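Given next are the chains, with one letter for each unit.
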Amino acid sequence: MNSFFLEMILVILFFSVSVTVTAQLFVSAAARAGQSRDLSAALLQAQNLAEQVRGISSPDELPVMLSVSSLQPETGSSRVYRLEYDKNWRRTEKNPKFTVEVSLNKTGSGSGTLVEADIEVLRNQSGSASRLVSLHPAKYFPGTSQP
Amino acid sequence: MIFVVLCLTAFGILSYITAGSDYRLSEKTAQNEQDYYDMLRQSEKKLQTIDAAVLQARSDAQRASASGSCDGLTDGGDYRSVPAVETALKSSEPPADKCRTCCAAFLQTRLVKQGVTFPNPSVGTLPVNAEFSVAGDGNRSMRVSLVIDPFSEKERCRVTGREVIVSGQDQESESALGLWSGN
């Protein structure tokens, strides 16, 4: 009888060790899947903004998504806009999980104006922000000049 | 019990490998998109310099056709090396035609220095088809095709196509899609 109980204890011990290892595998896989999901969603948001920047029809026009954003204090010649989202990518103002920062910069020359945008998507975790995606679209608007 | 443990371990390993592969794919996709927009930004900056060269060529052509020579122009030496320019300036064509012929020649002279190529070179005719490439990260580059008409009131440099080229890939296998030019 004693040997039976001893064997059972050993079996349960072996089982608990292997379940611990297996559970770690599953948890790591879930964490990786979450990172991949965040990266894909961040890329989609950044692409939406990039295509809206490419779609503006004049250098002074603002992309639609930025019209509801908060404008940060101007730094140099560029204007910085901020959009904040919760974990489900819905606009929020409290405890955002993701932040999108867009910096618009216009460079004028004799021939026209070049509008450049720096789009960064950040994930806020444990009080620090890590960058997920950054895109840099630009669009050139030729000036009109009579031949 | 052993069978159950083996199954759980196998499924755990499979899940981990799948999640890792999915994450690497997402990273690759994000990197590709970043490269694409970086190349797009470089092409727009190049377009700005090309547009400035087009305006300069137009202005030089107007001065040359009015004065009948390339004297006094910044790149007069380069312009004179094109035989069609001297021929046009000395001909009895109307000034507007002289201006267009000179402008086409000046344009090609200026833009060749910036790395722009002309797939169908025909000196003296406008509009002109041109192409330029911008390099991206790794082995990718973007080829931009455009139509240049310095005397157009709408668009001096109209982009007609952008193509991402991966060096080593067979470029003849797919034809580029034309951009929708509106109504």
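Below is a summary of the structure that appears in this document. Values in this document were obtained by computation on a predicted structure and should not be read as measured data.

## Let's talk about helix α3 (residues 83–90) of chain B
For the α-helix, the turn length of 3.6 residues means that residues three or four positions removed from each other point alike.
Residue and element names in this part refer to chain B.
In step 1: Within the sequence span of α3, burial applies to Val85, Ala88 and Leu89. Take α3 and look down its axis: the buried residues cluster within an arc of 95°, on one side only. Across α3 from its buried face, at more than 90 degrees, point the exposed residues Pro83, Thr87 and Lys90.
In step 2: Residues of α3 that are buried in the fold lie against α1 (2–67), α2 (76–80) and α4 (95–112).

## Observations concerning the pairing of strand β4 (residues 112–125) of chain A
Residues and elements named next belong to chain A.
In step 1: When strand β3 (residues 98–108) meets β4, the two strands line up antiparallel, connected through 11 bridges. Counted as the bridge partner of valine 102 is isoleucine 119 from β4.
In step 2: Where β3 folds back onto β4 in an antiparallel hairpin, the turn is made up of 3 residues.
In step 3: The pairing of β4 with strand β6 (residues 138–142) spans 5 bridges and is classified as antiparallel. Paired with threonine 113 across the two strands is phenylalanine 141, which belongs to β6.
In step 4: In this sheet, strand β5 (residues 128–135) lies alongside β4 in antiparallel orientation, the contact comprising 7 bridges. In the strand pairing of β5, asparagine 124 is matched with alanine 129.
In step 5: Between β4 and the antiparallel strand that follows it, β5, lie 2 residues; serine 126 among them carries a positive phi value of about 55°.

Rules behind the numbers
Residues numbered from 1 in each chain as written. Chains lettered and ligands numbered in written order. Predicted model: local features only at pLDDT ≥ 70, side-chain atom pairs only at ≥ 80, totals over all residues. Heavy atoms only, no water. Buried < 20%, exposed > 50% of the residue type's maximum accessible area, 1.4 Å probe, protein only. Helix = DSSP H or I, 4+ residues; strand = E, 2+ residues; numbered from the N terminus. Arc of directions from axis to C-beta. Contact = heavy atoms within 4.5 Å. Pairing = 2+ DSSP bridges.

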